[in-house]
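The chain contents come next:
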Amino acid sequence: MRILLSGAAGFIGSHLSDRLIADGHHVVGLDNLLSGNLRNIAHLESEPRFAFRHQDVSQPFQAEGTFDAVLHLASPASPKDYLDYPVETLLVGSVGTRNMLECPVAGNSLFLLTSTSECYGDPTEHPQRETYWGNVNPVGPRSCYDESKRFAEAITMAYHRRFGLRTRIARIFNTYGPRMKLNDGRVVPAFLDQALHGVPITVFGDGSQTRSFCYVSDLVDGLIRLLHSQESYPVNIGNPQEMTMREFAEYIQELTGTPSPIEFHPLPEDDPKRRQPDITRAKTLLGWEPKVALREGLTQTIAYFQSTAD
Ligand code: UDP
């Protein structure tokens, strides 16, 4: 397939590009490098089946040729990034999704949107199934990301219903692995960085809030399976192994053997209290479930951070 992929220099976009190329496809990767980094795709520079275009997909653009699949991953995704760039985040989910939906496609082509568990907001249903409509504060600090992705899902469904486009929507839960930015504020790089430097591990709130972490290779496998499925409604892709942030901090202490103590800091506004995917649909429709254990995934991630340390 000839594939157009936005967000190619990002954490997940670069891993997905690698997998698509390994599977024999051609990838044209777009990125405006707002939160992505060319370092993530430097190894693809001499790859004949990969081409990079510096492009903000929120701006009008002409994609060269036609595509068998259009994959829209571009967006700031860490709370720190989307709080720093709220307008850009809203635009890439709205105008950017519209622009990607309008890209020239070959007959019977596919469109995949990477959406998010943030569509569920601070959920009142637990674990979260795709049928849950969510509990999002439309004017809170996280709304730029949550509402942007909810709009992206809505316009994707509109193109599916109105124009018969074959669309796929992945709701991605917390994902980690090599190529995350050490300073993007997310809890996995933050705790690992602190542990590796022997400085206090910063748990927000009382640490009772939960998350469920999925290793990036599992996530990419789920996205590929979804792309090749027949499913137009959203599918959760995430690892259901849930833990509190306090347990996670203690786990990092144990895994790294760090002397870092745990330090408590204020909880950010609207921070979801519990998050765990119900992956029944992914299991049933895609035959997918995560395989990489937390210890194994974190070991790979630590090795990456150590290899890139200045
Ligand atoms: N968190 C924390 N310490 C940090 C960074 C994050 O305790 O240094 C918490 C944060 O409050 C949230 C969870 O870890 O409850 C996951 O945060 P992250 O920013 O990784 O992603 P989110 O799931 O909130 O989008």
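Residues numbered from 1 in each chain as written. Predicted model: local features only at pLDDT ≥ 70, side-chain atom pairs only at ≥ 80, totals over all residues. Heavy atoms only, no water.

**Re the pairing of strand β2 (residues 26–31)**
Working step 1: Burial within β2 is extensive, with five of its six residues counted as buried.
Working step 2: Across five bridges, strand β1 (residues 2–6) lies against β2 in parallel orientation. Each residue of the ladder has a partner; that of S6, found in β2, is L30.
Working step 3: Once the chain exits β1 it traverses helix α1 (residues 11–22) before rejoining the sheet at β2, and the crossover so formed is right-handed.
Working step 4: Pairing of β2 with strand β3 (residues 50–54), which is carried by five bridges, proceeds in the parallel orientation. Looking at β3, one finds that D31 is bridged to H54. (Buried < 20%, exposed > 50% of the residue type's maximum accessible area, 1.4 Å probe, protein only. Helix = DSSP H or I, 4+ residues; strand = E, 2+ residues; numbered from the N terminus. Pairing = 2+ DSSP bridges. Right-handed = clockwise from strand over helix to strand, strands pointing away.)

**Details of the packing of helix α3 (residues 86–93) against helix α5 (residues 143–163)**
Working step 1: At a minimum axis distance of 8 Å, the contact between α3 and α5 shows a crossing angle of 10°. Comparing their axes, α5 and α3 come out roughly parallel. Judged by residue contacts, P86, T89, L90 and G93 of α3 engage C144, Y145, S148, F151 and A152 from α5.
Working step 2: The residue inventory of the contact of α3 with α5, partitioned by class, reads six nonpolar, three polar and no charged. (Axes fitted to C-alpha atoms, helices over the stretch in contact; angles between N-to-C directions. Parallel < 35°, antiparallel > 145°, perpendicular 65-115°, else oblique. Contact = heavy atoms within 4.5 Å. Nonpolar A, V, L, I, M, F, W, Y, C, P; charged D, E, K, R; others polar.)

**Looking at the sheet that holds strand β4 (residues 67–72)**
Where strands meet in a sheet, backbone hydrogen bonds hold them as pairs that are either parallel or antiparallel.
Working step 1: One open sheet accounts for seven strands, arranged β3-β2-β1-β4-β5-β6-β11; its pairing is parallel. Edge strands, defined here as strands with exactly one partner in the open sheet, are β3 and β11 (235–237). Adjacent strand axes in the sheet meet at a mean angle of 20°, parallel and antiparallel pairs treated alike.
Working step 2: As defined by bridge partners, β4 adjoins strand β5 (residues 105–116) across five bridges and the pair is classed as parallel. The residue of β5 that forms the bridge with V70 is F111.
Working step 3: This element, α5, spans β5 and β6 (166–172) of the sheet and lies at about 155° to β5.
Working step 4: Contacting β4, β5, β6 and β11, helix α7 (residues 216–227) runs over the sheet at an angle of about 160° to β6.

**As for the environment of T301**
Working step 1: Locating T301 in the fold gives a position in helix α10 (residues 294–308).
Working step 2: Classification of T301 as buried rests on a relative accessible area of 0%.
Working step 3: Taking the C-alpha atoms as reference, T301 lies 9.3 Å from Y215; in sequence the two are 86 residues apart.
Working step 4: Residues in contact with T301, not counting those within four places in the same chain, are Y176, G177, P178, L192 and Y215.

**Digging into the packing of aromatic side chains**
Here a ring pair, both rings aromatic, is described through the centre-centre distance and the interplanar angle of the planes.
Working step 1: Here the structure, examined in full by the defined rule, presents eight aromatic pairs.
Working step 2: On the basis of an interplanar angle of 25° and a centroid distance of 5.7 Å, the ring pair of F191 and F248 is categorised as stacked. With a gap of 57 residues between them, F191 in helix α6 (residues 187–197) and F248 in helix α8 (residues 245–256) connect regions that are remote in the sequence. Summarising the burial analysis for this pair, F191 and F248 share the class buried.
Working step 3: Here the aromatic residues Y120, Y132 and F173 are joined through ring pairs into a cluster of three or more. (Phe/Tyr/Trp six-rings, centres within 6.5 Å; stacked < 30°, edge-to-face > 60°.)

**A closer look at unusual backbone geometry**
Working step 1: Of note, the bond from H126 into P127 is cis; its omega dihedral lies within 30 degrees of zero at -15°.
Working step 2: Tracing the backbone through its elements, the reader meets P127 in the loop between β5 and α5.
Working step 3: Here the phi dihedral of N108 falls at roughly 60°; this positive angle occurs in a residue that is not glycine.
Working step 4: You can call N108 exposed: its relative accessible area is 61%.

**Things to note about the site of the ligand**
Working step 1: What surrounds the ligand is a group of 18 residues, the closest being V187, T202, R211, D271 and R275.
Working step 2: V187 has a polar backbone atom sitting 2.8 Å from an oxygen atom of the ligand.
Working step 3: Take Q209: an N or O atom from its side chain is 3.1 Å from an oxygen atom of the ligand.
Working step 4: Computed on the free molecule, the ligand has an accessible area of 520 Å², of which 95% lies beneath the protein chains in the complex.
Working step 5: Of all elements in the fold, only α6 and β8 (201–204) reach the threshold of two or more residues within the shell around the ligand.
Working step 6: In terms of residue class, the shell around the ligand is made up of eight nonpolar, four polar and six charged. (Near = heavy atom within 4 Å. Polar contact = N/O pair within 3.5 Å; in protein donor to acceptor, adjacent residues only side chain to side chain. Areas by Shrake-Rupley, 256 points an atom, 1.4 Å probe, with all protein chains shown as cover.)

**Some points on the packing of α8 against α10**
Working step 1: Viewed as axis vectors pointing N to C, α8 and α10 meet at an angle of 65°, and their least axial separation amounts to 12 Å. Put simply, α8 runs roughly perpendicular to α10. Viewed along their axes, α8 and α10 form a crossing whose handedness is right-handed. Between α8 and α10, the residues in contact are F248, Y251, I252, E254, L255 and T256 and L294, R295, L298 and I302, respectively.
Working step 2: Of the residues belonging to the contact of α8 with α10, the class tally is seven nonpolar, one polar and two charged. (Left-handed = near helix turned anticlockwise from the far one by under 90°.)

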